[in-house]
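Overview (structure and organization)
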Amino acid sequence: MADRDGVIWLDGQMVPWREAKTHVLTHTLHYGMGVFEGVRAYKTERGPAIFRLQDHTRRLFNSAKILGMTLPYTAEVLNDAQIASVRDNGLESAYLRPMCFLGSEGMGLRADNLLVHAMVAAWHWGSYLGDEGIEKGIRIRTSSFSRHHVNVTMCKAKANGNYMNSMMALQEATRCGYDEAMLLDTEGYVAEGSGENIFIVRDGVLFTPDLTSALDGITRRTVIELAHEEGLDVIEKRITRDEVYIADEAFFTGTAAEVTPIREVDDRPIGSGTRGPITERLQSRYFDVVQGRDSRHEGWLTFV
Ligand code: PMP
């Protein structure tokens, strides 16, 4: 990742990609207190457009507030930095990674004398779970790792350190031959994937876990709105793993994962064992929206 051409926005300036460096005593590197976002820009007929930029930036500020970090830039500056990162790298479509981290002025856990830095990188990143996954669906397994307890790490914060848990879950799943993990909360109810929210469909109704320990996903919110437009009911509630087993359809949502069908959970086929019709409908609505083919939702696009 580090050895490539292009520019990265770092603390107010565009710097050459290879020179966007930080010191080994950077506080966040040691203890994981930092906040970040994952954002996508899509190619549209009117050039690249960033999807729900303001909502992502708002979540970034909320994550920082939860951790007690004061960000040194306004939302406007960080939005402009993201637009510039796509534009200045000449990208038609992109994954964007804004991240705010603590500096290297001191090492104690008080962390009361540290500068807060911000960076934005943008690069091309295709389907997170593979093109075949988007079309045919993926195989997932219940993780032996639980999703964070709400009073251990802060689940509403998209915080750097929270992702150790996601990585262990995903690595366990892939080592066992699956594409993704399904994490249960500490009470045993379905929470989410390692980097995705989960939905199931049963008798034409969508169900998704409430947001107790799952991240308040922007794709989740988008899909709920699109489902309502399609005349579908969406129920947010506690879901058990066996409810997932007997669902007609299941899918993940996330900025990186977009809308990815789940065709198998713990070696049990979901529905017909392929992408279901409601999943396909919502997926196609989602791609129309993000790629600027749905005039009703142009308000979600920030053209670069
Ligand atoms: N859950 C987790 C743990 C995530 O990391 C993500 C990705 N940000 C999501 C859900 C989906 O959120 P979004 O749709 O905002 O990308």
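Reading guide: rules and limits
- Residues numbered from 1 in each chain as written.
- Predicted model: local features only at pLDDT ≥ 70, side-chain atom pairs only at ≥ 80, totals over all residues.
- Heavy atoms only, no water.
- Near = heavy atom within 4 Å.
- Polar contact = N/O pair within 3.5 Å; in protein donor to acceptor, adjacent residues only side chain to side chain.
- Areas by Shrake-Rupley, 256 points an atom, 1.4 Å probe, with all protein chains shown as cover.
- Buried < 20%, exposed > 50% of the residue type's maximum accessible area, 1.4 Å probe, protein only.
- Helix = DSSP H or I, 4+ residues; strand = E, 2+ residues; numbered from the N terminus.
- Pairing = 2+ DSSP bridges.
- Core = buried A, V, L, I, M, F, W, Y, C linked by side-chain atoms within 4.5 Å.
- Domains from an automatic or database assignment.
- Contact = heavy atoms within 4.5 Å.
- Buried area = accessible area lost by both parts, 1.4 Å probe.
- Salt bridge = Lys/Arg side-chain N within 4 Å of Asp/Glu carboxyl O.
- Axes fitted to C-alpha atoms, helices over the stretch in contact; angles between N-to-C directions.
- Parallel < 35°, antiparallel > 145°, perpendicular 65-115°, else oblique.
- Left-handed = near helix turned anticlockwise from the far one by under 90°.
- Expected span 1.5 Å × (residues − 1).

**Some thoughts on the site of the ligand**
In the region of the ligand, 16 residues are neighbours, and Tyr 163, Glu 192, Ile 218, Thr 219 and Thr 255 sit closest. Contacts to the ligand include Lys 158, whose side-chain N or O atom sits 2.8 Å from a nitrogen atom. Side-chain polar atom of Thr 219 to an oxygen atom of the ligand: 2.6 Å apart, as the coordinates give it. Its free accessible area being 380 Å², the ligand has 96% of it covered by the protein chains.

**So, the pairing of strand 11 (residues 197-202)**
Burial within strand 11 is extensive, with five of its six residues counted as buried. Of the strand pairs in this sheet, strand 11 and strand 12 (residues 205-208) are connected by three bridges, and their pairing is antiparallel. In the strand pairing of strand 12, Val 201 is matched with Leu 206. Taking the residues between adjacent antiparallel strands as the criterion, strand 11 and strand 12 are bridged by two residues, where Asp 203 takes a positive phi near 50°.

**Re the nonpolar core**
Within the largest apolar cluster, 23 residues are counted, with the highest numbers of intra-cluster contacts made by Phe 51, Phe 199, Leu 206, Phe 251, Leu 282 and Tyr 286. When residues of this core are traced back to their parent elements, those giving at least two are strand 5 (47-51), strand 11, helix 6 (218-229) and helix 8 (277-290). Top contributing element to this core by residue count: helix 8, with six residues. Each of domain 1 (7-123) and domain 2 (131-290) contributes no fewer than three residues to this core. What Leu 282 contacts, discounting residues up to four positions off in sequence, is Leu 206, Val 223, Leu 226, Ala 227, Glu 230, Leu 232 and Phe 251. Residues Ile 198, Val 205, Phe 252 and Ile 270 belong to the second largest nonpolar core, which totals 20 residues.

**Points about the domain arrangement of the protein chain**
Taken domain by domain, the protein chain consists of domain 1 (7-123) and domain 2 (131-290). Put simply, the middle of domain 1 and the middle of domain 2, counted by C-alpha atoms, are 26 Å apart. At the junction of the two partners, domain 1 supplies 21 residues and domain 2 supplies 20 residues. In total, domain 1 and domain 2 occlude about 1,800 Å² of area from one another, counting both sides; carbon and sulfur atoms represent 61% of this. Scanning the region where domain 1 abuts domain 2 turns up one salt bridge. A salt bridge links Arg 40 to Glu 258; its shortest N-O distance comes to 3.8 Å.

**Examining the environment of Arg 268**
As for its position among the elements, Arg 268 is in strand 16 (residues 268-269). With 59 residues separating them along the chain, Arg 268 and Pro 209 place their C-alpha atoms 20 Å apart.

**Considering the packing of helix 6 against helix 8**
Between helix 6 and helix 8, the shortest axis-to-axis distance is 10 Å and the interhelical angle comes to 110°. Classed by the angle they form, the pair helix 6 and helix 8 counts as roughly perpendicular. Considering how the two elements wind past one another, helix 6 and helix 8 form a crossing that is right-handed. Where helix 6 abuts helix 8, its residues Thr 219, Thr 222, Val 223, Leu 226, Ala 227 and Glu 229 lie against Leu 282, Arg 285, Tyr 286 and Val 289.

**With respect to helix 3 (residues 75-88)**
Here helix 3 contains 14 residues, and its C-alpha end-to-end distance of 20 Å stays within 8% of the 20 Å for a straight helix at 1.5 Å per residue. Listed as buried for helix 3 are Leu 78, Asn 79, Ala 81, Gln 82, Ile 83, Ala 84, Ser 85 and Val 86. One or two positions beyond helix 3, positive phi appears at Gly 90, with a value near 60°.

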